[in-house]
Amino acid sequence: MANVETDVAIDWMACELIEAVPGKVSGKPVVRGTRIMPDAILNSFELGESIDDIHEGFPTLSLDQIRRLIDFGLDLLKQHRS
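Small disclaimer: the values here were computed from a predicted structure and weren't measured.

A. Region of the structure containing helix H1 (residues 38-46). Every buried residue of H1 is listed here: Pro38, Ile41, Leu42, Asn43 and Ser44. Next to the buried residues of H1 lie strand S1 (18-19), strand S2 (30-31), helix H2 (51-57) and helix H3 (63-81). Positive phi shows up at Gly48, right after H1, with a value of about 105°.

Spelled out as structure tokens, the structure:
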């Protein structure tokens, strides 16, 4: 999957839904209790997928979790772009 905003690294650890566990996805930030990297959610949304489409691809996440990740990521990108 293409990364839409490759020049911005989002600090996902500030989001309450995220954890980083040594040995789990090489210690990269993931959605708590999963191996899903939050960048995948945000990138899918920025590439035009709807929240429902993203939920189909990541059915273990709730719609509220998906919305929160998107809102969090977009807020940080907006701050960076301004």
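That was the structure; now back to the text.
B. A look at the nonpolar core. Within the largest apolar cluster, 18 residues are counted, with the highest numbers of intra-cluster contacts made by Trp12, Ile41, Leu61 and Leu69. Elements that contribute at least two residues to this core include exactly H1 and H3. It is H3 that contributes the most residues to this core, five residues altogether. Residues in contact with Trp12, not counting those within four places in the same chain, are Ile18, Pro29, Pro38, Asp39, Leu42, Leu69, Phe72 and Gly73.

C. View of H3. Taking 1.5 Å per residue, 19 residues should reach 27 Å; H3 reaches 27 Å between its end C-alpha atoms and fits that length. Tucked inside the fold, the buried residues of H3 contact S1, S2, H1 and H2.

D. Quick look at the environment of Glu19. Structurally, the position occupied by Glu19 is in strand S1. The class of Glu19 is buried, set by a relative accessible area of 16%. Residues contacting Glu19, with those up to four places away along its chain left out, are Met13, Lys24, Lys28, Pro29, Val30, Val31, Arg32, Gly33 and Thr34. Among the polar contacts made by the side chain of Glu19, one reaches the main-chain amide nitrogen of Gly33 at a distance of 2.9 Å.

E. The pattern of salt bridges, seen in detail. Applying the stated criterion across every chain, the model contains five salt bridges. For Lys24, the salt bridge identified is with Glu19, shortest N-O distance 3.1 Å. Since its relative accessible area comes to 18%, Lys24 is described here as buried. Ionic pairing is found between Asp64 and Arg67, a salt bridge with its closest N-O pair at 3.1 Å. Taken as a pair, Asp64 and Arg67 lie in helix H3 at a separation of three residues, close to a single helical turn. Since its relative accessible area comes to 58%, Asp64 is described here as exposed. The network of salt bridges with common partners includes Glu19, Lys24 and Arg32.

Cut-offs applied
Residues numbered from 1 in each chain as written. Predicted model: local features only at pLDDT ≥ 70, side-chain atom pairs only at ≥ 80, totals over all residues. Heavy atoms only, no water. Buried < 20%, exposed > 50% of the residue type's maximum accessible area, 1.4 Å probe, protein only. Helix = DSSP H or I, 4+ residues; strand = E, 2+ residues; numbered from the N terminus. Contact = heavy atoms within 4.5 Å. Core = buried A, V, L, I, M, F, W, Y, C linked by side-chain atoms within 4.5 Å. Expected span 1.5 Å × (residues − 1). Polar contact = N/O pair within 3.5 Å; in protein donor to acceptor, adjacent residues only side chain to side chain. Salt bridge = Lys/Arg side-chain N within 4 Å of Asp/Glu carboxyl O.

Everything listed here is a matter of geometry and, on its own, says nothing about what the molecule does.
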